Structures are given as C-alpha cells and as structure tokens.
Amino acid sequence: MKVIVIEEESHGNIKVCADMRSAFQYLIEGGWLTVFKPIDEALTDLVTEYERDKNFFDGDFYFHEIEVYKGNK
C-alpha cells in the first residue's frame, strides 16, 4: 500500500495521508492552506493543479509517496 507523506519547509514531516486528495484536505482543515471556495471544489482544483505540475507547492510543501509494509498476521 502506498501513502503520501507531507513535508513542510520549516516543520519537516507533518502528516501521512492515504492519497493526494486527503493530503490537500488535511492542509486545508489543519489551517496550513486557506481556500476561498467550497472545500470540494478547492480539493478538486488542487489535485488537478498538482497532477499538472508536481512542483506547484515547491518551497512550501513537498509530497513523498512511500510504500507501507503490511506483513501477514
């Protein structure tokens, strides 16, 4: 399973999220980003913009996709 680690320029790793949409939702709900439109619309716009330009947040936030190991029970 892959997850997204959010890294902030000054604070280092700040959250691990299930996917990019969840990562952006965390940034908005956690007060890291301010949006001036309905959250669903803002999330769609942010994901679309990030998919178009992976450097969209360079200097502020970095997103690392990592594999999470889940062993057998």
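First things first, this report covers the structure right here in the doc. Quantities reported herein were computed from a predicted structural model and do not represent experimental measurements.

Now for the nonpolar core. Within the largest apolar cluster, 18 residues are counted, with the highest numbers of intra-cluster contacts made by Ile6, Phe24, Leu27, Leu33, Phe57, Phe61 and Phe63. Non-local contacts of Leu33, meaning those with residues more than four positions away in its chain, are made with Leu27, Ile28, Leu46, Phe57 and Phe61.

Next up on the list: helix H1 (residues 20-29). By the burial criterion, the buried members of H1 are Met20, Ala23, Phe24, Leu27 and Ile28. Taken around the axis of H1, the buried residues stretch over an arc of 135 degrees, which confines them to a single face. Elements in contact with the buried residues of H1: strand E1 (2-8), strand E2 (12-17), helix H2 (39-52) and strand E3 (61-67). Gly31 occupies a position one or two residues after H1 and carries a positive phi of about 80 degrees.

Our next topic: H2. For H2, with 14 residues, the first-to-last C-alpha span of 20 Å sits near the 20 Å given by 1.5 Å per residue. If you check which residues of H2 are buried, you get Ala42, Leu43, Leu46, Val47 and Tyr50. End-on, the buried residues of H2 take up no more than an arc of 130 degrees, which puts them together on one face. In H2, the exposed residues that point more than 90 degrees away from the buried face are Asp40, Glu51 and Arg52. On its buried face, H2 sits against H1 and E3.

Another point: the packing of H1 against H2. The N-to-C vectors of H1 and H2 enclose an angle of 125 degrees; their axes lie 9 Å apart at closest approach. Between H1 and H2, the angle falls in the class oblique. For the crossing formed where H1 meets H2, the hand is right-handed. Here H1 contributes Met20, Arg21, Phe24, Gln25, Ile28 and Glu29 to the contact with H2, which in turn contributes Ile39, Asp40, Ala42, Leu43, Thr44, Leu46, Val47 and Tyr50. Here the contact of H1 with H2 is built from residues that sort into 9 nonpolar, 2 polar and 3 charged.

Each value, and the rule that gives it
- Residues numbered from 1 in each chain as written.
- Predicted model: local features only at pLDDT ≥ 70, side-chain atom pairs only at ≥ 80, totals over all residues.
- Heavy atoms only, no water.
- Core = buried A, V, L, I, M, F, W, Y, C linked by side-chain atoms within 4.5 Å.
- Buried < 20%, exposed > 50% of the residue type's maximum accessible area, 1.4 Å probe, protein only.
- Contact = heavy atoms within 4.5 Å.
- Helix = DSSP H or I, 4+ residues; strand = E, 2+ residues; numbered from the N terminus.
- Arc of directions from axis to C-beta.
- Expected span 1.5 Å × (residues − 1).
- Axes fitted to C-alpha atoms, helices over the stretch in contact; angles between N-to-C directions.
- Parallel < 35°, antiparallel > 145°, perpendicular 65-115°, else oblique.
- Left-handed = near helix turned anticlockwise from the far one by under 90°.
- Nonpolar A, V, L, I, M, F, W, Y, C, P; charged D, E, K, R; others polar.

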